[in-house]
Structures are given as C-alpha cells and as structure tokens.
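Topology and contacts: notes
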Amino acid sequence: MRIAIAGYNGFIGSSIVSGGSNNEFIFLSRELLYGDNEVLANSLENTDAVLNFAGYPIAKRWTGKRKKLIWESRITITQNIVKAIEHCKIKPGVFINSSAIGIYKYDTINTEEDYFFGESTLAGLVSAWENEAEKVHPEVKLKIIRLGLVLGRKGGALPFLLRLFNLGLGGKIGSGKQVYSFIHIQDVVQAVYFLLDNKEEGIFNLTAPEPVTNKVFTETLARQMKRPAFFAVPSFVLNLMLGNAAELITRGQTVLPQKLLNAGYKFTFATINEAIENILTGK
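Now for a description of the structure that goes with this document. For clarity, every value in this text was computed on a predicted model and none was experimentally measured.

Bringing the nonpolar core into the picture now. Counting 36 residues, the largest nonpolar core has Trp62, Phe182, Phe217, Leu221 and Ile272 as the members making the most contacts within it. Looking at this core, the elements that each hand over two or more residues are helix H4 (64–87), helix H5 (121–133), helix H6 (158–166), helix H8 (214–225), helix H9 (235–242) and helix H12 (272–281). Membership of the second largest hydrophobic core comes to 29 residues, among which are Val17, Leu51, Val192 and Leu260.

Another point: H4. Along its 24 residues, H4 runs 34 Å from first to last C-alpha, staying within 8% of the 34 Å computed at 1.5 Å per residue. At Glu72, H4 shows its largest kink, close to 30°. All of the buried residues in H4 are Ile70, Ser73, Arg74, Ile75, Ile77, Thr78, Asn80, Ile81, Val82, Ala84 and Ile85. Looking at the packing, one finds that the buried side of H4 touches strand E1 (2–6), helix H2 (30–33), helix H3 (37–44), strand E3 (49–52), strand E4 (94–100) and H5.

The next subject is the packing of H6 against H8. As a packed pair, H6 and H8 sit with axes 11 Å apart at the nearest point and diverge in direction by 60°. By the angle between their axes, H6 is oblique relative to H8. Crossing hand, H6 versus H8: right-handed. The segment H6 lies against H8, with Leu158, Leu161, Leu162, Phe165 and Asn166 engaging Phe217, Thr218, Leu221, Ala222 and Met225. When the residues that make up the contact of H6 with H8 are grouped by side-chain class, the tally is 8 nonpolar, 2 polar and no charged.

This brings us to the side chain of Glu112. Tracing the backbone shows Glu112 in the loop between strand E5 (109–110) and H5. No salt bridge is formed by the buried Glu112; its nearest oppositely charged neighbour, Lys259, is found at 7.0 Å. Looking at Glu112, its side chain comes within polar contact range of the main-chain nitrogen of Asn205, at 2.8 Å. Polar side-chain contacts of Glu112 include one of 3.0 Å to the backbone nitrogen of Lys259. The residues touching Glu112, leaving out its near neighbours within four places in the chain, are Tyr104, Ile203, Phe204, Asn205, Leu256, Pro257, Gln258, Lys259 and Leu260.

Conventions and cut-offs
Residues numbered from 1 in each chain as written. Predicted model: local features only at pLDDT ≥ 70, side-chain atom pairs only at ≥ 80, totals over all residues. Heavy atoms only, no water. Core = buried A, V, L, I, M, F, W, Y, C linked by side-chain atoms within 4.5 Å. Buried < 20%, exposed > 50% of the residue type's maximum accessible area, 1.4 Å probe, protein only. Helix = DSSP H or I, 4+ residues; strand = E, 2+ residues; numbered from the N terminus. Expected span 1.5 Å × (residues − 1). Bend = angle between axes of the 7 residues up to and from the residue. Contact = heavy atoms within 4.5 Å. Axes fitted to C-alpha atoms, helices over the stretch in contact; angles between N-to-C directions. Parallel < 35°, antiparallel > 145°, perpendicular 65-115°, else oblique. Left-handed = near helix turned anticlockwise from the far one by under 90°. Nonpolar A, V, L, I, M, F, W, Y, C, P; charged D, E, K, R; others polar. Lys, Arg positive; Asp, Glu negative; His and termini not counted. Salt bridge = Lys/Arg side-chain N within 4 Å of Asp/Glu carboxyl O. Polar contact = N/O pair within 3.5 Å; in protein donor to acceptor, adjacent residues only side chain to side chain.

Here it is in structure tokens:
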C-alpha cells in the first residue's frame with residue numbers, strides 16, 4: 001500500500017511505520033502539513049490511505065501557549081489534510097484520523113453505539129477534532145480511532161511509571177478506583193492495519209476488552225516488576241502540578257472496543273497482565 005502519514009516520528013506513528021515495512025510510506029512533514037494545501041495534495045494524490053497521528057503532547061500543564069499548540073496540532077492539521085484531499089484528482093481510499101477516549105464521560109460504560117460524551121476540556125477538544133475529520137470528501141472512507149491509554153516501552157505513560165517503581169516510589173494515584181482503558185502498542189499497530197483492510201467505516205475504540213482500575217493496574221505493575229507499591233499520590237497534588245491535564249490520570253473512562261471485536265479483530269494482549277508482562281519481558 002501507498003500510505004501517507006502525519007505524526008510519523010511520534011510514539012504511535014513510528015510504531016505503525018516500523019510495523020508495516022511492506023508498505024510504501026509518504027512522510028508528511030510539519031512544513032507540508034502547515035503549508036499550502038495544494039502542495040500537500042500532491043503528496044496525498046493516488047495514495048491508498050492517509051493516516052493522521054499528529055498531535056502535540058497533552059500530558060503536561062495546559063498553559064495558554066501549550067493549549068494553543070495542542071489545539072492547532074490536532075484541529076488545524078486535520079483541517080489542512082481534509083482540504084488537501086479535496087484538491088486530489090485521485091483521492092485516497094481511506095482516511096484514518098486518530099482521536100481519544102477522552103471524549104467520553106467519566107464513570108460510565110461506553111461503546112461506539114452506547115455512550116455518554118463528557119463535558120471536560122479534553123472532551124471538547126476531541127469533539128472539535130473529530131468534527132474536522134468528518135468533513136472529508138464522501139468518496140474517502142473515514143475511520144476515526146479513539147485511542148485509550150497506550151502502553152509501550154518506548155512511549156506513553158509507562159516509561160515514567162517504570163522509573164517511579166524502580167525508585168521504590170510506585171503506588172496508586174488518587175483513590176485508585178478510576179478506570180484505565182488501556183491498549184498495548186502492538187495491538188494499536190495491528191488494529192490500524194486490520195482497519196485498513198476492513199470495509200467498515202466510522203468510529204472505533206482502540207482499547208483492550210478488559211479495562212482495569214488504577215489500583216489493579218498499579219498492583220499488576222508492582223507484581224511484574226517485583227517492586228513495592230506503597231506510595232499513593234493524592235489527586236490534589238497532581239492537580240497542582242498538571243492543572244487540567246491531571247484528569248488524564250486522576251479520572252478514568254470505561255471504554256470497550258465493541259465495534260472492533262464485532263469486525264473480527266483478535267487482541268494479542270487482551271488483559272493488563274498480558275500487556276505488562278510482554279512489555280517488561282518480551283514474552
């Protein structure tokens with residue numbers, strides 16, 4: 001396949017590239033994505049798929065400047081890709097746009113068909129982000145993937161947590177009752193290629209089928225690492241440190257990948273135990 005990809009040098013994008021070595025990749029640089037739409041269209045012309053994984057990191061305090069970067073890197077880039085596709089004479093077959101489960105309400109069970117949208121700052125951002133992707137030309141199959149907490153050795157939240165545990169500072173966060181709807185990076189990669197071959201369109205939750213509480217997550221990590229998990233980080237400390245971004249780890253959404261399962265996808269790492277064991281040991 002000829003695949004154009006934005007965000008190719010990030011944790012998820014680079015994993016997708018390395019996991020699809022049989023494909024021809026067209027790397028969409030920052031200059032292309034923020035430049036002239038007709039020039040960008042030349043890179044998208046006659047491709048099999050366009051993947052958008054661009055986005056400024058959100059797991060930091062949302063200052064005014066950082067909030068602008070978070071917004072522009074998602075909304076503006078998605079707008080520009082959609083406009084560029086409009087200019088293509090031979091349009092891409094598929095447009096996969098990354099999104100996040102942050103759109104959902106806390107403390108409810110959410111699938112693609114049965115859900116409640118949240119009212120947080122993050123939920124508003126994700127809603128606006130998806131709205132821009134949905135403006136893509138009707139000839140192009142649109143697949144929006146709502147990513148959960150992505151686990152991997154080289155990126156996401158896990159490397160930071162591993163450092164804490166190695167220092168003996170591991171422990172639950174807040175009450176520990178908040179739900180983490182996680183997914184192993186390998187399942188992200190496999191699910192993306194699965195969706196590229198699948199005819200279904202629309203929203204897909206990319207989360208493992210067995211979400212866990214922060215307490216279970218912490219206990220599993222401690223057991224696998226053979227390290228203590230005595231410490232507990234109060235929510236107010238994270239709120240002081242991270243502001244709005246603290247909700248990423250102090251609150252949680254229960255999200256199930258019903259549509260992906262119905263389409264026939266089989267998770268390699270369906271449980272937190274399987275995911276963490278593989279990341280730590282390679283088994």
